[in-house]
Amino acid sequence: MVRALATAFRAAGGEIRTGCEVIGIDTAAGRVAGVEIAPVDVEHDPDQLRVAGLDAGEVVPAHAVLVAAGAWSAEGGLATDAGAPPVRPVKGQLLELRVRRGHRLPARHIVRTPRCYLVTRPDGRVVLGATQEEQGFDTAVTAEGVHRLLEAAWEVLPDAGELELVAARAGLRPGTPDNAPAVGEGDVEGLLWATGHYRNGVMLAPSTGRAIAALLVDGELPEPWAAFTPRRFLEEVRV
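Before going into details, it helps to say that this report is about the structure given with it. (Residues numbered from 1 in each chain as written. Predicted model: local features only at pLDDT ≥ 70, side-chain atom pairs only at ≥ 80, totals over all residues. Heavy atoms only, no water.)

Some points on the sheet that holds strand β5 (residues 88–98)
Spatial strand order, β6-β7-β8-β5-β9: 5 strands in an open sheet with antiparallel pairing. Of all the strands in the sheet, the pair left with one neighbour each is β6 (111–112) and β9 (164–175). Direction of pairing for strand β7 (residues 117–120) relative to strand β8 (residues 125–129): antiparallel, over a ladder of 4 bridges. Bridging across to β8, Tyr117 finds its partner in Gly129. Relative to the sheet, helix α4 (residues 143–156) contacts β5, β6, β7 and β8, its axis offset from that of β5 by approximately 60 degrees. (Pairing = 2+ DSSP bridges. Helix = DSSP H or I, 4+ residues; strand = E, 2+ residues; numbered from the N terminus. Contact = heavy atoms within 4.5 Å. Axes fitted to C-alpha atoms, helices over the stretch in contact; angles between N-to-C directions.)

Right, dumping it as C-alpha cells:
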C-alpha cells in the first residue's frame, strides 16, 4: 500500500524527499512557513543522503504542513516548537505463521479475541497479532511476547499449534491520552496533524486523508472529525 501511495503521489506531481529528517518548524507572523530538514546520519544511510543532496538546516517553504509521523509525531523539535499533541509509542509484537504442506488453514475468516487476532491469507500465511506494551520506542521481539500470542491463538484455534513459525517482528502504534486520533490544526496556524490513530491507522487512513483534504480546501474538518482536533489536548493543559 505504501508503494502504491508513493507512486500515485509522484504521478500527481508530488516530490518525495529521502535521506533527511524534519528537525523543526519554520514560522513567520504567527503561522507556519515551512519545515527545517537535515540529513540523516551518513553512517546509517549514505546512499540515500547522496541522492537527496541535502545541506544541514535546509528550510523547505510551505503554506501548510501536515505532520503524519506516527509514533514519532511528537519527537524532537516538533514536541516543543510546534506544540505537538501528546503522542506516545505503543509497542505491538506480531508473528507470521504458515500452513505446512498437507495441512489446512486454521480458519477462513478473521478471528478476533480480547487477547489476539488471526488473519489468514490465500497463500497459506497467517498473521497473528498483536501485543500492547508501554515500552517506549523499544522494538525488540521478546520470548514473553511470542509466548503470549501463541497461547492466545491456541486457546481459540488449537490447530494454530501446527502452523510453521516464519517470522516475528514488533512495531509502534501512535497513541494519545484518550487513544483517539489527533486530526486537524493545532496551536500553530497552517500546521496540521494526522496522528494518534493507535490500532486503527490503516482502517482510518482513507477517511483521514479526505478530512485533511477538506480542511485544506474548505478550511474546516468534516464531521465526525471535528471532535478529534489536536486542540482538545491544548485546552486540557490550559484548564
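Things to note about a nonpolar patch on the surface
Together, Met1, Leu5 and Val202 line one region of the surface with nonpolar side chains, adding up to about 350 Å² of accessible area. Mapped onto the secondary structure, Met1 falls in the segment before α1 (2–11). For Met1, a relative accessible area of 63% translates into the label exposed. (Patch = residues over 30% accessible without salt bridge, like charges linked within 9 Å, V, L, I, M, F, W, Y side chains within 5 Å. Areas by Shrake-Rupley, 256 points an atom, 1.4 Å probe, with all protein chains shown as cover. Salt bridge = Lys/Arg side-chain N within 4 Å of Asp/Glu carboxyl O. Buried < 20%, exposed > 50% of the residue type's maximum accessible area, 1.4 Å probe, protein only.)

Some thoughts on the pattern of salt bridges
Applying the stated criterion across every chain, the model contains 13 salt bridges. One salt bridge in this structure joins Glu189 and Arg31, with 3.2 Å as the shortest N-O distance. Placement of Glu189 in the loop between β10 (182–185) and β11 (191–195) and of Arg31 in strand β2 (residues 31–39) is noted, with a sequence separation of 158 residues between them. Judged by relative accessible area, which is 43%, Glu189 ranks as partly exposed.

Observations concerning unusual backbone geometry
A cis amide bond links Gly129 with the next residue in sequence, Ala130, at an omega value of -20 degrees. One can find Ala130 in the loop between β8 and α4. Going from Glu223 to Pro224, the amide bond is cis rather than trans, its omega being 5 degrees. Its place among the elements puts Pro224 in the loop between α5 (201–218) and α6 (231–238). A positive phi angle, near 55 degrees, is found at Ala29, a position not held by glycine. Looking at where Ala29 falls in the secondary structure, it is placed in the loop between β1 (20–28) and β2. Overall, the relative accessible area of 88% leaves Ala29 in the exposed class. Its identity as a non-glycine residue notwithstanding, Tyr198 has a phi of 55 degrees, on the positive side. By relative accessible area, Tyr198 is classed as buried at 17%.

Details of the sheet that holds strand β3 (residues 58–61)
In space, the 3 strands of this open sheet follow the order β1-β2-β3, with antiparallel pairing throughout. Each of the sheet's edge strands pairs with one partner strand only, and the pair in question is β1 and β3. Averaged over neighbouring strand pairs, the angle between their axes works out to 35 degrees when direction is ignored. Across 4 bridges, the pairing between β2 and β3 is antiparallel. Paired with Glu36 across the two strands is Val59, which belongs to β3.

A closer look at the environment of Ala152
Residue placement: Ala152 occurs in helix α4. Residues Ala152 and Leu128 lie 24 residues apart in sequence; the distance between their C-alpha atoms is 9.6 Å. Sequence-distant contacts of Ala152, defined by excluding residues within four places in its chain, comprise Arg115 and Cys116.

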